Amino acid sequence: MIKAVISGTGLYTPPATIDNDELVEAFNQFVEMYNSEHAEAIGRGEMEPLQASSSAFIEKASGIKRRHVIDKSGIVDPKRMAPYIPERGNDEPSVQCDMAIVACNEALAQAGKKASDVDAVIVACSNLQRAYPAVSIEVQAALGIEGFAYDMNVACSSATFGLQAAVNSVENGSARAVLVVSPEICSGHLNFRDRDSHFIFGDACTAILVEREEDTQPGQGFEILGTRLKTAFSNNIRNNFGFLNRADEAGIGKPDKLFIQQGRKVFKEVSPLVAETIQNHLQSLSLAPENLRRMWLHQANLNMNQLIARRVLGRDASEDEAPVILDEYANTSSAGSIIAFHKHKDDLKTGDIGVICSFGAGYSIGSVVVRRR
Ligand code: CO8
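Looking at an unreviewed UniProt entry, the protein carries the name Beta-ketodecanoyl-[acyl-carrier-protein] synthase, with the source organism given as Marinobacter antarcticus.

S.K.: Hey, could you run me through the nonpolar core in this one?
M.R.: Where a protein is soluble and globular, its nonpolar side chains tend to be buried together. Membership of the largest hydrophobic core comes to 47 residues, with the highest contact counts inside it found for Val 274, Ile 278, Met 295, Ile 308, Val 312, Cys 357 and Phe 359. At the level of elements, α1 (20-37), α7 (263-284), β11 (292-297), α8 (302-313), β12 (353-360) and β13 (364-372) are the ones that each hand at least two residues to this core. Residue contributions to this core peak at six residues, all from α7. Setting aside residues no more than four positions away along its own chain, Ile 308 makes contact with Ser 271, Val 274, Ala 275, Ile 278, Leu 297 and Phe 359. Formed by 35 residues, the second largest nonpolar core is a distinct cluster that contains Val 154, Phe 161, Phe 222 and Val 370.

S.K.: I keep staring at the environment of Arg 371 and nothing clicks. Help me out?
M.R.: As for its placement among the helices and strands, Arg 371 is situated in strand β13. Between the C-alpha atoms of Arg 371 and Ile 353, which are 18 residues apart in sequence, the distance is 4.4 Å. The contacts of Arg 371, once residues within four sequence positions are left out, are Gly 221, Phe 222, Glu 223, Leu 225, Gly 351, Asp 352 and Ile 353.

S.K.: What am I meant to see in the site of the ligand here?
M.R.: Neighbouring the ligand are 27 residues, the closest being Cys 156, His 189, Arg 264, Asn 301 and Ala 361. Interatomic distance of 2.9 Å between a side-chain N/O atom of Ser 53 and a nitrogen atom of the ligand. One nitrogen or oxygen atom from the main chain of Ser 54 is found 3.2 Å from a nitrogen atom belonging to the ligand. Of all the secondary-structure elements, those providing two or more residues to the shell around the ligand are α3 (55-62) and α7.

S.K.: Just to check I follow, could you spell out the packing of aromatic side chains for this structure?
M.R.: What the rule picks out here adds up to eight aromatic pairs. Summarising the aromatic geometry, the rings of Phe 30 and Tyr 34 are spaced 6.1 Å apart at their centres and angled 50° between planes, so their arrangement reads as tilted. A residue pair is termed a helical-turn pair when its members lie 3 or 4 positions apart in one helix, as Phe 30 and Tyr 34 do in helix α1 at four residues. Linked through ring pairs, Phe 27, Phe 30 and Tyr 34 together constitute an aromatic cluster. In this arrangement the basic side chain of Arg 80 is found over the ring face of Tyr 84, its NZ or CZ atom lying 3.8 Å from the centre.

What counts and what doesn't
Residues numbered from 1 in each chain as written. Predicted model: local features only at pLDDT ≥ 70, side-chain atom pairs only at ≥ 80, totals over all residues. Heavy atoms only, no water. Core = buried A, V, L, I, M, F, W, Y, C linked by side-chain atoms within 4.5 Å. Buried < 20%, exposed > 50% of the residue type's maximum accessible area, 1.4 Å probe, protein only. Helix = DSSP H or I, 4+ residues; strand = E, 2+ residues; numbered from the N terminus. Contact = heavy atoms within 4.5 Å. Near = heavy atom within 4 Å. Polar contact = N/O pair within 3.5 Å; in protein donor to acceptor, adjacent residues only side chain to side chain. Phe/Tyr/Trp six-rings, centres within 6.5 Å; stacked < 30°, edge-to-face > 60°. Lys NZ or Arg CZ within 6 Å of the ring centre and 35° of its normal.

Here is the structure:
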């Protein structure tokens, strides 16, 4: 039987950063401008004034300290509050392709492989910058890969769902090696004028190479012991941007064409579901929580991760057991748990077991149990 392993990972981190103070300063300037522009209506009680944001709230409620973004200047301009990412010509590489190439090259180098060793590319992310041609096929062509490619979107769980698809392809023999790449430009669809969510997201791209065990060196990478996916429909995290928007002009400018969520509900509903999914997954593999050396959890909210880890382990997890990257990156959607894995996997010893777990819109949960070879 063919066995799939993770032989390499890669990460592209945009150089520009925005810390909470800078983000809050821009937001509060926008609030002042808005409230003074609508002072009369607010005075007459016809409109509600907007409330200021605060860095202290952001760090306490989420654990986020800063985020990396493709473009800083447009986001911190209170008159704009959206990144500047100019459209490129059809003959130029797309922004997502550029990010993907950096992450994929690092994953290939880590695995000691060339693009010619790969025969499939899955671009798995929350938002694709165009409808078609598939970004994955562009990445495939840019890397010079023979074979096939496709895009997929399961919001924050895109990368783990992509991993299962890659494992399936390798183990059923339809591909020898698959790159799963997650170019997340969350700043492009975040409403920086919304106090409840303006701080949540950042940009990054991850890549994972999944290969046949027999094509790798002994002791290289991680065995995949099992994958488990779960979805349950919810409107609590939603984005109604789509190709039908132009068919109903009345809705085009509405805030639901960007990210919106009921954060409290998400926190309360998703945390127990995630803990239960991990526990059941471990049980199905005849593993106990004590067997877990590390949890690379989705990076949306520090308090949420601490709660999930506590439910799984029956005690508080140390940062070594459940590493945190969201202080530096914020929520990078599907890239988050993979960034945690990429940055915090090399110290594991042969036989150590860990779980990569994503959760988010859908709702969707993906659990991937791995063992260091
Ligand atoms: N500054 C100061 N005060 C604020 C701010 C702010 N910026 N925002 C809210 N407050 C106030 C509120 O008004 C409220 O005041 P009051 O108590 O007087 O009513 C108080 O602070 C508490 O507000 P909340 O109850 O909203 O605060 P929480 O403690 O719940 O924290 C969080 C808010 C951080 C959003 C938290 O609920 C959370 O993280 N929840 C989980 C969210 C989550 O995991 N979501 C997953 C989404 S990601 C995903 O699935 C991918 C989608 C695709 C990617 C999209 C990319 C754009």
